[in-house]
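# Close look at the chain arrangement
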Amino acid sequence: NHTRTIREKDKPTRTKQSLSTEHLQYPPTNITRNQIMADFNPDEFDDSDLPDPSLKNIIEQKSLQWVFVGGKGGVGKTTTSCCLGVQLAQNRNKVLIVSTDPAHNLSDAFSQKIGRDPTPIQGFSNLSAMEIDANDDMETLSKEMESATASDDAMGGINSLMNELSNSIPGIDEAMSFAELMKQVQSLDYDVVVFDTAPTGHTLRLLSFPTIMEKALGKIMDLKDKFGGLIGQAAGMFGGNGAQMQETLTGKLEETRAIINKVNEAFQDPELTTFVCVCIPEFLSIYETERLVQELSKFGIDTHNIVVNQVVFPEKDAEEMTEWFEGTKDSLPTEARVICSKMLARKRMQDKYIGQCFDLYGDDFHVVLMPLLDFEVRGVDKLKTFSSNLIEPVELDSES
């Protein structure tokens, strides 16, 4: 078993210097796998401590409760989330996939209607999915606050004032809606939750909400302590019940703060939470993945898995395919030669970036290569078949 779980004590420290051209070159160097293998002595190489190139470590870690899947836009995050959910469903009692991307795709991936509430996935007895909208959650939260405090027009005016004060803190609205989301998810009875997140920038903002929320609530509670009497007097002037308003507002803030603290602790516990980075073998995507790994490290969120999607013939080597093409191209029609030439150009580019990906992460991360298919991965049957690639590593063809 080559599976290795990266913990804080042995997680690599990543700095801005790791993004230099020394590690991630563009254009990439012209080093082929065969050139590397020429100097490679298998008798001197011990791969027993290298991470297994699969996501078995996530499936086997029974303590995991939250699995975030994220990366640059268009790299296959939703497909990866669904495939991971399918595999987890074979090993856990109840699994939930949650889409936090405003442009939801879970319905398209599973070919069935999925709404705001957990929807059972056809063909499974223990897999559900839901698509949430942070803006809707914030509107619901505001209505709850209004109904709790606005017993008359006077209290409605005071409530509006408090909403204005709360919303003046940057990011507080999204953070509050995030707290409501986590509260809702925690109330559901699921062993593990897979989050299909929005593109990198939005995801990093989402993961920073617990920290933002803790600071914001601390400031609001300080203001409440300092100006609680003033709020009560103002409510009395408008004919409202100041004590009731303070009690309701304080109770809501304390409840939210408790949720945020619990979520923050869970996010930073590698036994409970991990993040799966998804990319494709292109320069911008690999660069974005490195930035994501750095930011996750700053937030204290565990990440030790990278999925590389859309790989052309992952089991083949570009140089071997080029040798075959050079030996047979004269017998091919002109159109076939053009098609093969373009495919090989793409394969060579991908191999170089995959090599750089393994250089950056191969010693510490589980790097999984997912093949480019001839068809879209839509529907439960295709997702089940494709998801096996997350668990069964691609066997690289080492022959010349």
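Residues numbered from 1 in each chain as written. Predicted model: local features only at pLDDT ≥ 70, side-chain atom pairs only at ≥ 80, totals over all residues. Heavy atoms only, no water.

## Side note on the overall build of the chain
Basically, it comes down to this: Every helix listed is a DSSP run of H or I at least four residues long, and every strand listed is a run of E at least two residues long, numbered separately from the N terminus. For the exposure calls, accessible area comes from a 1.4 Å probe over protein chains only, and a residue counts as buried if that area is under 20% of its type's maximum, exposed if over 50%, partly exposed in between. A contact between two residues is defined here by any heavy atoms of the two lying within 4.5 Å. Reported accessibility uses the Shrake-Rupley method at a 1.4 Å probe radius. Residues are deemed covered only where the shown protein chains occlude them.
Within the chain one finds 13 helices and eight strands. Buried positions account for 48% of the 400 residues belonging to the chain. Within the chain, counting contacts between residues at least 6 apart in sequence, those at least 24 apart form 81% of the total. Of the accessible surface of the chain, which amounts to about 19,700 Å², a share of 51% is contributed by carbon and sulfur atoms.

## Some words on helix α12 (residues 334-361)
To be explicit about the condition: A helix's residues, less one, multiplied by 1.5 Å, set its expected span.
Compared with an ideal rise of 1.5 Å per residue, which puts 28 residues at 40 Å, α12 spans 40 Å between its outermost C-alpha atoms and is within 8% of the ideal. Listed in full, the buried residues belonging to α12 are C340, L344, K347, Q350, Y353, I354, Q356, C357, L360 and Y361. The inward-facing, buried residues of α12 abut α10 (283-299), β7 (305-311), α11 (318-328) and β8 (366-371).

## A look at the packing of α11 against α12
The relative placement of two packed helices is expressed as an angle between their axes plus a distance between the axes. Note the threshold: For helices, the fitted line uses only the C-alpha atoms of the stretch in contact; every axis is such a line through C-alpha atoms, and the angle between N-to-C directions lies from 0 to 180 degrees. Any angle between 65 and 115 degrees counts as roughly perpendicular, while under 35 counts as roughly parallel, over 145 as roughly antiparallel, and the rest as oblique. Helix crossings get a hand from a simple test, with the near helix turned counterclockwise from the far one by less than a right angle marking a left-handed crossing and a clockwise turn marking a right-handed one. Three classes are used, and their members are as follows: Ala, Val, Leu, Ile, Met, Phe, Trp, Tyr, Cys and Pro are nonpolar, Asp, Glu, Lys and Arg are charged, and the others, Gly among them, are polar.
For the pair α11 and α12, the least separation of the axes is 9 Å and the interaxial angle reads 160°. Judged by the inter-axis angle, α11 sits roughly antiparallel to α12. Where α11 crosses over α12, the two elements pack in a sense that is left-handed. Here α11 contributes A318, M321, T322 and F325 to the contact with α12, which in turn contributes R337, C340, S341, M343, L344, K347, R348 and D351. Among the residues forming the contact of α11 with α12, the class breakdown is six nonpolar, two polar and four charged.

## Concerning the pairing of strand β1 (residues 66-71)
Two faces, one strand: in a regular strand the side chains alternate between the faces of the sheet. The criterion, for reference: One requirement defines pairing of two strands: DSSP has to find at least two bridges between them.
Of all six residues in β1, six are buried, a share of seventy percent or more. Because side chains alternate across β1, one face comprises the buried residues W66, F68 and G70, and the other comprises V67, V69 and G71, equally buried. Bridge count between β1 and strand β5 (residues 192-196): four bridges; the pairing is parallel. Across the sheet, F68 pairs through a bridge with F195, a residue of β5. As paired elements, β1 and strand β6 (residues 273-279) share six bridges and run parallel to each other. In the strand pairing of β6, V67 is matched with T274.

## Description of the pairing of β5
A large share of β5 lies buried, amounting to five of its five residues. Here β5 shows a buried face lined by V192, V194 and D196 and a second buried face lined by V193 and F195. Across five bridges, the pairing between strand β2 (residues 95-99) and β5 is parallel. If you follow V98 over to β5, its bridge partner there is F195.

## Concerning the pattern of salt bridges
Selection rule: In what follows, salt bridge is the name for a side-chain nitrogen of Lys or Arg lying within 4 Å of a carboxyl oxygen of Asp or Glu.
Tallied over the entire structure, the rule returns five salt bridges. Between K347 and D351 there is a salt bridge, and its shortest N-O distance comes to 3.1 Å. Within this pair, K347 and its partner D351 are both found in helix α12, separated by four residues, close to a single helical turn. Judged by its relative accessible area of 1%, K347 is buried.

## Some details on the sheet that holds β2
Spatially, eight strands are ordered β3-β4-β2-β5-β1-β6-β7-β8 in an open sheet, and the strand pairing comes out mixed. Because the sheet does not close on itself, it has two edges, and the strands there are β3 (119-120) and β8. In this sheet, β7 lies alongside β6 in parallel orientation, the contact comprising four bridges. Bridged to C279 within β7 is V308. Of the strands in this sheet, β1, β6 and β7 touch α10, which is tilted by about 165° from β6.

## Brief notes about the state of the cysteines
Put simply, the rule reads: The definition used for a disulfide is geometric: two cysteine sulfur atoms within 2.5 Å.
All chains considered together, the criterion is met by zero disulfides. Looking at C82, it has no disulfide partner, and the nearest cysteine sulfur is the one in C83, 7.0 Å off. Of the residues examined, C82 reaches a relative accessible area of 0% and is grouped as buried.

## Regarding the confidence of the model for the chain
Let me state the cut-off plainly: pLDDT is defined as a per-residue confidence score from the predictor, taking values between 0 and 100.
Of the residues in the chain, 66% reach a pLDDT of 70 or more, and the chain-wide mean stands at 77. Note on residues 1-23: pLDDT is under 50 here. Beyond four places in sequence and across chains, it has 49 contacts. Confidence over residues 25-33 falls short of pLDDT 50; this stretch has 20 contacts with residues more than four positions distant or in other chains.

## Looking at helix α3 (residues 77-89)
Residues lying three or four places apart along an α-helix face the same way, a consequence of the helix completing one turn every 3.6 residues. Compared with the 18 Å implied by 1.5 Å per residue over 13 residues, the 18 Å span of α3 between its first and last C-alpha is a close match. α3 sits mainly inside the fold: 12 of its 13 residues count as buried.

## Remarks on the packing of α10 against α12
The interhelical angle for the contact between α10 and α12, taken along N-to-C directions, is 15°, at an axis separation of 10 Å. For the element pair α10 / α12, the angle class is roughly parallel. Relative to α12, α10 is oriented so that their crossing is right-handed. Residues F283, I286, T289, E290 and V293 of α10 pack against Y353, C357, L360 and Y361 of α12. Residues belonging to the contact of α10 with α12 are distributed by class as follows: seven nonpolar, one polar and one charged.

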